[in-house]
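An overview of the molecular structure
Chain by chain, the residues:
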Amino acid sequence: KLPGTRQGLFLHDFFSKVLTRDRNLFTPILEFLKWKLLTRNMGILVWLSLLFFVCGLFSMSFLGNRRALDDLFTAFPKPPEFSEKIDECVVEMEGFRQKIVHLHDLNSNWWVPRMGLDVSLEAEQKVRQLYVEKFESALLKPVDAELSRTIEGLHAGSSEQEVSDFVKLLGWRIDLLDNRIEGGKAKPLAPYELPSGQAMSMAVPGFESDLMKYYGQTYSSYLDWIENDEGLKEQRLLLQARLGKVF
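This report concerns the structure included in the present document. (Residues numbered from 1 in each chain as written. Predicted model: local features only at pLDDT ≥ 70, side-chain atom pairs only at ≥ 80, totals over all residues. Heavy atoms only, no water.)

**A word on the overall build of the protein**
Put simply, the rule is: Helix and strand assignments come from DSSP, with helices taken as H or I runs of at least 4 residues and strands as E runs of at least 2, each series counted from the N terminus. We call a residue buried when its accessible area falls under 20% of the maximum for its residue type, exposed when it is over 50%, and partly exposed in between, using a 1.4 Å probe and counting protein chains only.
Assigned secondary structure in the protein consists of eight helices and zero strands. Written out in order from the N terminus, the α and β elements of the protein read α-α-α-α-α-α-α-α. Out of the 247 residues in the protein, the part that is buried amounts to 33%.

**Quick word on the packing of helix α4 (residues 119-152) against helix α5 (residues 160-183)**
Which entries qualify depends on this criterion: Lines fitted to C-alpha atoms define the axes here, with helix axes fitted over just the stretch in contact, and angles between the N-to-C directions of these axes take values from 0 to 180 degrees. With respect to orientation, any angle under 35 degrees is reported as roughly parallel, any angle over 145 as roughly antiparallel, any angle of 65 to 115 as roughly perpendicular, and every other angle as oblique. By definition, turning the near helix anticlockwise from the far helix through less than a right angle yields a left-handed crossing, and turning it clockwise yields a right-handed one. By the convention used here, residues are in contact when the closest approach between their heavy atoms is within 4.5 Å.
Orientation of α4 relative to α5, taken along the N-to-C sense of each, is 140 degrees, at an axis distance of 12 Å. In terms of orientation, α4 and α5 fall into the oblique class. For α4 against α5, the interelement crossing comes out left-handed. Each of L140, D144, L147, T150 and I151 in α4 lies in contact with α5, whose residues at this interface are F166, L169, L170 and R173.

**Describing the pattern of salt bridges**
Using the following cut-off: Put simply, a salt bridge is a Lys or Arg side-chain nitrogen that is within 4 Å of an Asp or Glu carboxyl oxygen.
Taken as a whole and assessed by the stated rule, the structure comprises eight salt bridges. A salt bridge links K245 to E152; the shortest N-O distance between them is 2.4 Å. Here K245, found in helix α8 (residues 229-246), pairs with E152, found in helix α4; they are 93 residues apart in sequence, far enough to count as distant. The exposure class assigned to E152 is partly exposed, which follows from its relative accessible area of 48%.

**Some remarks on the packing of aromatic side chains**
Any aromatic ring pair is given by two values, namely how distant the centres are and how the planes are angled relative to each other. Formally: Classification of ring pairs uses Phe, Tyr and Trp, with its six-membered ring standing for Trp, and accepts pairs whose centres are within 6.5 Å; under 30 degrees between planes counts as stacked, over 60 as edge-to-face, and the remaining range as tilted.
A full pass over the atoms with the stated rule returns 11 aromatic pairs. Between the aromatic rings of F135 and Y222, the centroid separation amounts to 4.9 Å while the plane-to-plane angle is 25 degrees, which identifies the pairing as stacked. With F135 in helix α4 and Y222 in helix α7 (residues 212-225), this residue pair connects regions lying 87 residues apart in the sequence. With centroids separated by 6.1 Å and ring planes inclined at 5 degrees, the aromatic side chains of Y215 and Y219 adopt a geometry described as stacked.

**Description of the nonpolar core**
Keep this limit in mind: In these notes, a set of buried Ala, Val, Leu, Ile, Met, Phe, Trp, Tyr and Cys residues joined through side-chain atoms within 4.5 Å is what counts as a nonpolar core.
Membership of the largest hydrophobic core comes to 48 residues, with the highest contact counts inside it found for F135, L139, F207, Y215, Y219 and Y222. The set of elements that each furnish at least two residues to this core consists of α2 (30-75), α3 (86-108), α4, α5, α6 (198-203), α7 and α8. Per element, the largest residue contribution to this core is 10 residues, and it comes from α4. Among all residues touching Y215, those that are not within four sequence positions of it are V90, F135, L139, L140, V143, W172, R173, M200 and F207.

**Digging into α3**
In plain terms, the rule: Under the convention used throughout, the expected extent of a helix is 1.5 Å for every residue step, that is, one less than its residue count.
Here α3 is 23 residues long and its end C-alpha atoms lie 33 Å apart, about the 33 Å a rise of 1.5 Å per residue gives. I86, C89, V90, M93, E94, F96, R97, I100, L103, L106 and N107 are the residues of α3 that are buried.

**Focus: the packing of α3 against α7**
Contact pair α3 / α7: the axes reach a minimum separation of 9 Å and the direction vectors enclose 50 degrees. Relative to α7, α3 is oriented oblique. Crossing geometry of α3 relative to α7 is assigned as left-handed. Contacts from V90, M93, E94, R97, I100 and V101 in α3 reach Y214, Y215, Q217, T218, S221 and W225 in α7.

Pasting the structure below:
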């Protein structure tokens, strides 16, 4: 032991001389320092790249929403109004429907994640509900009222062609309603499935038979976008009752 202490001679020499002389043996070499700096810079670069990538996704999602909404608001700066004339109303309603279909196409053709930016999807849902409301008030109810009045006027002396036209029209609508209610979605329209339009032109003042194609498309989209199944079931019952009167 060292004189006057409780410390051993070995430990004193080890800490005061040996470790002091050998500490330079553990000095990091230049290659290690370079590698450490390189890996740290690479880590920072990876994090920055990831950050820029996420920012890019948010930017692309924002631009996609903006493009879809700008297209919609350019077409309809205010809620659409429809003519009281049936022929003009059918054409206007078809134009409204096509704009909604175009908005749906824009919302569907995304190649980047939405990153929680669903404004254009919400706008599409709201404009679909607006279409349903406008179709019912401006087209469906007036047309059905005229159909009901005309069917009430059918009698034994009505021609077989007239009766046949109304049977085809009512059967077509009932068939679409059946598929929508039972399957949850209206089946796609085929041109050969459309009635001729003669019954509509006889019943509804101003309706031309060549408008039947547009009426069929607008009615099919109405069935696709309406969420009130109970209302559809009521429509089906009324149409079935009218079909029974025709027979």
